[in-house]
Amino acid sequence: MVQMATKAKSAFADVRLSRWTVPVLLLRSCTFRPLSGKECVAWVGRSGRFAPANATSGALHRHSTLGIVKSTMRILFSLSLLASAAAFAPSASFIRPATTLNAEQFDQEQFIAESKEMRLKYLEEQAMFALKIAVENYGNAVFPNAMIAGDCVITHLLHRMGYLSDGKCKVMVVDTFHLFPETMEFLKEIEEAYDFKAEVFCAEGVPVGDKAAYDAKYGADLWKEDIEQYDKVCKVEPFQRGLKTLSTDCMINGRTRWQGFERAWIDQFENAPIGGGLAKCNPIAYWTFEDTFDYIAKYQVPHHPLHAKGYPSIGDAKDTIPIPEDGSTKFVDFKFEGDPVPWLDYASERKGRFVGLANKDGSTKTECGIHVAGAEKTFDRDLWEAGSVKNIDSMEAALEIKKSGKPAVFTVYAPWCKFSIAMEEEYEKFAKENPDVDVYAFRGDEVRDFVTSEFNTSSFPTVNVIKADGTAVKYESEKRNAEDFKAFADSTM
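Residues numbered from 1 in each chain as written. Predicted model: local features only at pLDDT ≥ 70, side-chain atom pairs only at ≥ 80, totals over all residues. Heavy atoms only, no water.

1. Some details on the side chain of T292
Mapped onto the fold, T292 is located in helix α12 (residues 289-299). Filtering out sequence-adjacent residues up to four positions away, T292 remains in contact with A149, G150, V153 and W287. (Helix = DSSP H or I, 4+ residues; strand = E, 2+ residues; numbered from the N terminus. Contact = heavy atoms within 4.5 Å.)

2. A short note on the sheet that holds strand β15 (residues 472-474)
The strand order β11-β13-β12-β14-β15 describes an open sheet built from five strands, whose pairing is mixed. Because the sheet does not close on itself, it has two edges, and the strands there are β11 (390-392) and β15. Going across the sheet, the axis of each strand differs from the next one's by a mean of 30 degrees, ignoring polarity. Sheet topology note: the β11/strand β13 (residues 438-443) ladder contains three bridges and is parallel. Looking at the pairing, K390 lines up with Y440 of β13. (Pairing = 2+ DSSP bridges. Axes fitted to C-alpha atoms, helices over the stretch in contact; angles between N-to-C directions.)

3. Describing the pairing of strand β4 (residues 169-174)
Among the six residues in β4, five count as buried, and that is most of the element. Relative to β4, strand β3 (residues 141-144) is paired through four bridges, and the arrangement is parallel. When the sheet's bridge partners are listed, F143 is paired in β4 with V171. As paired elements, β4 and strand β5 (residues 199-201) share three bridges and run parallel to each other. Directly across from V173, in β5, lies its bridge partner V200. (Buried < 20%, exposed > 50% of the residue type's maximum accessible area, 1.4 Å probe, protein only.)

Below, the structure written as structure tokens:
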């Protein structure tokens, strides 16, 4: 039948068939069959119109004028059926395995690469829009930059938008005096690359970059003795002071939901728990850690050199380690070496941070205190600023008390020390209840050598009774309440 149809199609190639000369198929028992020539003619009437299938022959004859016309139409429709049958015949080229078709049309790796590029493009635009709002709608946007991977992305975005070179966004860096040596060197590198100068803040009363001065004032082992106080002295207070010094009204930072459950619900904008309710912009809040490195690779963004040594995130050298610990995963020359999953898995970015550290309640430490509620209360004031306790503001004045020949109670304290803060109320109560006793307080964390040699101070607070001969007798008890202070003073004086 197919051969006959092919010949017929060739013989009548110049015959113009109407649009109605397609085969009509009837559904019978879920199969199709072509109508016979007789059945087809039964549908044809004058002007190519269709008549019902059960139309009488008389009705059809009334619409025809010459027998030749009917004969011609029969021939034409029969030929059309044969030609159409050829069209329905399957060909070898059409029938082929579905797997072959899929292989030709779908390249999985290319599809993934294109999809990631589409995602990254959207994330870039979204982050830049957030940064535009932060910088253009606030007068003093500040970006505290820790130079971790996400911060490097934000630095590059700010540079692309021109906000670094024109000074519309200030960059702030906190030097804890315990950073990796590479960190501050890397800061100089990006300052030069992006044409900006960061504002560096460190522990109060210590010159920037002067580790020896920090050790002398706060002690080299403060982080071992009290990690919470270390965080306050080296991170929270300088951070707070930096925001206030720069008159920050919108803080930009690199926190993301991908970093862990503590941050899983952050949005691109929120009210910060610090600094009196200033706005906080998290431009890459919805990025994964993989997105971050995809961006770094795409634009060849300068990034911390320790990524090439196995560190996914970089903090203090004392408690930051590679992940995995053997350093087998690295980011070198803008691509990963080794298995990237230990870095890129959910909540894995900061696995190498705060290693071996625990919070006061014994839980694993995951935050340094900067981004937690209540941090703004830590350094708003000094201790015993008013009241019955007399503040001594110089070493000379402190020595005069020893030389006065008059008994007194003399406490050496540090305003950042939680134990000094805890005894503030009781010490004030003691002073009020004993007006005949001179009660003094002297800030000693800035002159450790002096208070160590003159007032028995090895930790804060240190309470002394100054006898009439100038001898300083240390109060050794950990009970710091008004009654115990009085009992010690009475027995010593």
